[in-house]
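Structural overview for review
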Amino acid sequence: MQKITRNVLLDMEEEEDDEDDGDIGDVPASRRPFLTPHNHLLCSLVLENLEQTIVPSCGSLESQHDFRTPEFEEFNGKSDSLFFNDGQRRIDFVLVYEDESKKEPNKKGTNEKHRRKRQAYESNLICHGLHLEATRSVLDDKLVFVKVHAPWEVLCAYAEIMHIKLPLKPNDLKTRGSAFGRLNWFTKFLSVDESIIKPEQEFFTAPFEKNRMNDFYVVDRDTFFNPATRSRIVYFILSRVKYQVMNNVNKFGINRLVNSGIYKAAFPLHDCKFGHRSEDPSCPNERYLLYREWAHPRSIYKKQPLDLIRKYYGEKIGIYFAWLGYYTQMLLLAAIVGVACFLYGYFNQDNCTWSKEVCNPDIGGKIIMCPQCDRLCPFWKLNITCESSKKLCIFDSFGTLVFAVFMGVWVTLFLEFWKRRQAELEYEWDTVELQQEEQARPEYEAQCTHVVINEITQEEERVPFTACGKCMRMTLCASAVLFWILLIIASVIGIIVYRLSVFVVFSAKLPKNLNGTDPIQKYLTPQTATSITASIISFIIIMILNTIYERVAIMITNFELPRTQTDYENSLTMKMFLFQFVNYYSSCFYIAFFKGKFVGYPGDPVYWLGKYRNEECDPGGCLLELTTQLTIIMGGKAIWNNIQEVLLPWIMNLIGRFHRVSGSEKISPRWEQDYHLQPMGKLGLFYEYLEMIIQFGFVTLFVASFPLAPLLALVNNILEIRVDAWKLTTQFRRLVPEKARDIGAWQPIMQGIAILAVVTNAMIIAFTSDMIPRLVYYWSFSVPPYGDHADYTMEGYINNTLSFFNIADFKNKSQGNPYSGLGDHTTCRYRDFRYPPGHPQEYKHNIYYWHVIAAKLAFVIVMEHVIFSVKFIISYAIPDVSKLTKSKIKREKYLTQKLLHESHLKDMTKNMGVIAKRMTEVVENNLRPKLD
């Protein structure tokens, strides 16, 4: 093929615009600030002039000879090959398209438009120095696979542009031995066998510069850039190469081409099958090793091979599994303490005095409780809540208070120690200075049309919008997010109103007398019908809002136009989490802090909107209901997510294999096998992080009501790690390796949850549980002057916390309140601290109420200040970066600078020597004629 020195772009009419998703900005070609590679490339990335190949909207191409097409080769029968047919050039990326000539023709000529855009794009890829080789599918004659290879010159040029760190020399720093030397046998049992997965050699690294090639540790050109780095570089090029100009506006990037259907897929290759080793002796078989030592169920007890995960999938995937593994390890301690607190409550439930009073027929059996709704709700005896009161003793005990304080300290320890571990990974994985080297997104580059003066360099630079424009964009984005949060809050309020209103309807419509021959009537009570219908409606609303908001959040973030991929993901993360936070936790916050708190008293209940009576807690109390809610949500969510993550990709791949069964006898190449795997979603690991952070919230925010939450989370996470590993290694195409310094916006989100958790747990213990009223009774109201007992005791607590109400004081008593069956009783009891009827301040809050309120507020303030003080001390005492890691970073910087400086001095000395020698020769040559 002949070389050309300029891009080939299609100049098309406006009506021929492709079917894009509109997520990438377009600007005039003359104002595009794309990076310009070095002169050694085959051509320039930007147009030097307006001499472009003009392709008319109809008819044949006028400059067909300018297109450079990939070489077509037949499949050579080597199913495990990762190289072109020549066996020398490695496949760094694969593009897949459907041959337009084999499609059914359409009236609009879309097939021809797609073909010309694809040809222009591939021609420009070749023009940028990439090698392309096309092979038709073995199983489907319509599909064509374009294999992409980046030669050495291209890799070096873009490694310098992307500031990729590469090895200078082997690392000579000694690693510190384990502090648990005597337990080496145990850690060795849990670790991956080093004879199977060999430890990676450590190097001092520096950003690559081609003019200092001799300073870098280049043993073999074929292995100097590992496959993950090669794929990163190729994807960087694919994302920025243009293929069309329309009205002097450039269209560019593989993402746009895939979204518009011109290409069906674009992905790097797995190196082998996950089930067995490759037949190619040069293949490292990293996918096979990851499946065997990481994703396989038999490795569930082993540590994760994080270095190999990072090497194969990139730092972004590696840091996720490192964080998830560390979180799971820390959950082990929380689970042990939580189980201990649970067992404490379980074995002491028989000693619970107030529960015994509830169950006692002579106490709880003789207490008549008031109805909990205006009509059709009966009076009931307190002892029917006997079983729920026993269960409440398990969770509403002194152990719960201890556990809540412990979790406040635990979450701080987890976050601080994770920062240290993250700093170690930053050093080991060469991401310490990632923020400085991260490139701008092509979508951001496309919109850089405004020229401003950089305050630091005092040089001109291009930005996408002015300060005023940025302020307007941020305001619009914040308003949109706030609107959707208010929308989900409105839906929650709507569900509450629905529950309040429909309960009365079901009570009136459903049969009042049970028919023994109809089993449905036995279970379809008004409470059950209300709960089921409200849950279904809530589920439907949540799913609809989730689906809509995900797209809205992406649109808002695209409009916001963050500069780098990290900024983009962090911005999207915050938007999505704020919505999901309200979505997932609103019901728990309602039960914990609102339900049953503002109900008035039987003679004067509180109504919503003037007509809906406020909900009261279940007979067992709101704490037990909150515990039940958390158990169902955490357990059900974990089971559903794991089943969905396993079954959905497996079923999709199974369906794909079923459709290809006719050609199953044929040997298919590596790229075709990978193509039929499932693609990873656009948001990548976002939903994996979101699932874990939501779980983290349940574990910390409401742990005072459910000490077993860390245990459930621990079991779920042990399975989650292996399920995610199994998905990545067996069911999904290989992801494009990406750099990541940390877990991004999830870190401040966890810190915010940790602070909020202290407040919520203190308020749950104070306002949702009965711990404070019991303590007030024990220390103040069981003995004189308020009590009748000689010693501090819990006897009489139930009678003291239930107020009296005169049945004759019911409003609307002619509208169906069932007073029959009460005998001579004229009063009923209700849960509150009010004066009895006949008192000068009847139905007003008594002194016990004000003692309890003061004690609750004092408890919240004291608990918050104590835990926050401990958190501050721990945060101050534990540095974010360990002393050893700081020393390693400083040592590497010193040796790197020394090595590069010495190399530069050697070059300078050598050059000065050559210059001096030449000057001496010139002087001698000039003096010799005079001497002669």
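Summary of the structure given here. The structure displayed is predicted, hence computed values, not measured ones.

Definitions and cut-offs
- Residues numbered from 1 in each chain as written.
- Predicted model: local features only at pLDDT ≥ 70, side-chain atom pairs only at ≥ 80, totals over all residues.
- Heavy atoms only, no water.
- Helix = DSSP H or I, 4+ residues; strand = E, 2+ residues; numbered from the N terminus.
- Buried < 20%, exposed > 50% of the residue type's maximum accessible area, 1.4 Å probe, protein only.
- Areas by Shrake-Rupley, 256 points an atom, 1.4 Å probe, with all protein chains shown as cover.
- Core = buried A, V, L, I, M, F, W, Y, C linked by side-chain atoms within 4.5 Å.
- Contact = heavy atoms within 4.5 Å.
- Patch = residues over 30% accessible without salt bridge, like charges linked within 9 Å, V, L, I, M, F, W, Y side chains within 5 Å.
- Salt bridge = Lys/Arg side-chain N within 4 Å of Asp/Glu carboxyl O.
- Polar contact = N/O pair within 3.5 Å; in protein donor to acceptor, adjacent residues only side chain to side chain.
- Axes fitted to C-alpha atoms, helices over the stretch in contact; angles between N-to-C directions.
- Nonpolar A, V, L, I, M, F, W, Y, C, P; charged D, E, K, R; others polar.

**Points about the overall build of the protein**
Looking only at helices and strands, one finds 27 helices and 20 strands in the protein. When each of the 932 residues of the protein is scored for burial, the buried share is 50%. Working note: accessible area of the protein is about 46500 Å², and carbon and sulfur atoms make up 58% of it.

**Structural notes on the nonpolar core**
Among the nonpolar cores identified, the biggest contains 157 residues, and Trp323, Trp410 and Phe414 are the most heavily contacted of them. Here the element with the most residues in this core is helix α9 (residues 315-347); it accounts for 15 residues. Those residues in contact with Phe414 that sit more than four places away from it in its chain are Trp323, Tyr326, Tyr327, Met330, Phe696 and Met750. Ile126, Trp152, Phe224 and Ile237 belong to the second-largest nonpolar core, a separate cluster that totals 42 residues.

**Examining a nonpolar patch on the surface**
Among the surface-exposed residues, Ile639, Ile643, Leu647, Leu648, Trp650, Ile651, Met652, Leu654 and Ile655 lie close enough to one another that they form a single nonpolar patch of about 790 Å² accessible area. Tracing the sequence through the fold places Ile651 in helix α19 (residues 622-659). Judged by its relative accessible area of 38%, Ile651 falls in the partly exposed class.

**Notes on the side chain of Asp99**
With respect to the helices and strands, the residue Asp99 is situated in the loop between β3 (93-98) and α1 (110-127). Here the side chain of Asp99 touches Arg136 through a polar contact of 3.2 Å, side chain to side chain. Setting aside chain neighbours within four positions, we find Asp99 in contact with Arg136, Lys142 and Val144.

**Observations concerning the side chain of Lys575**
Structurally, Lys575 can be placed in helix α18 (residues 565-593). At a separation of 2.5 Å, a polar atom in the side chain of Lys575 contacts the side chain of Ser571.

**Structural notes on the packing of helix α12 (residues 398-428) against helix α21 (residues 686-701)**
When two helices pack together, their arrangement is given by the angle between the helix axes and by the axis-to-axis distance. At a minimum axis separation of 10 Å, α12 and α21 run at an interaxial angle of 145°. In contact with Met407, Trp410, Val411 and Phe414 of α12, α21 contributes Phe696, Val699 and Thr700. Partitioning the contact of α12 with α21 into residue classes produces six nonpolar, one polar and no charged.

From the geometry alone we can't say anything about function, so treat these as descriptive.
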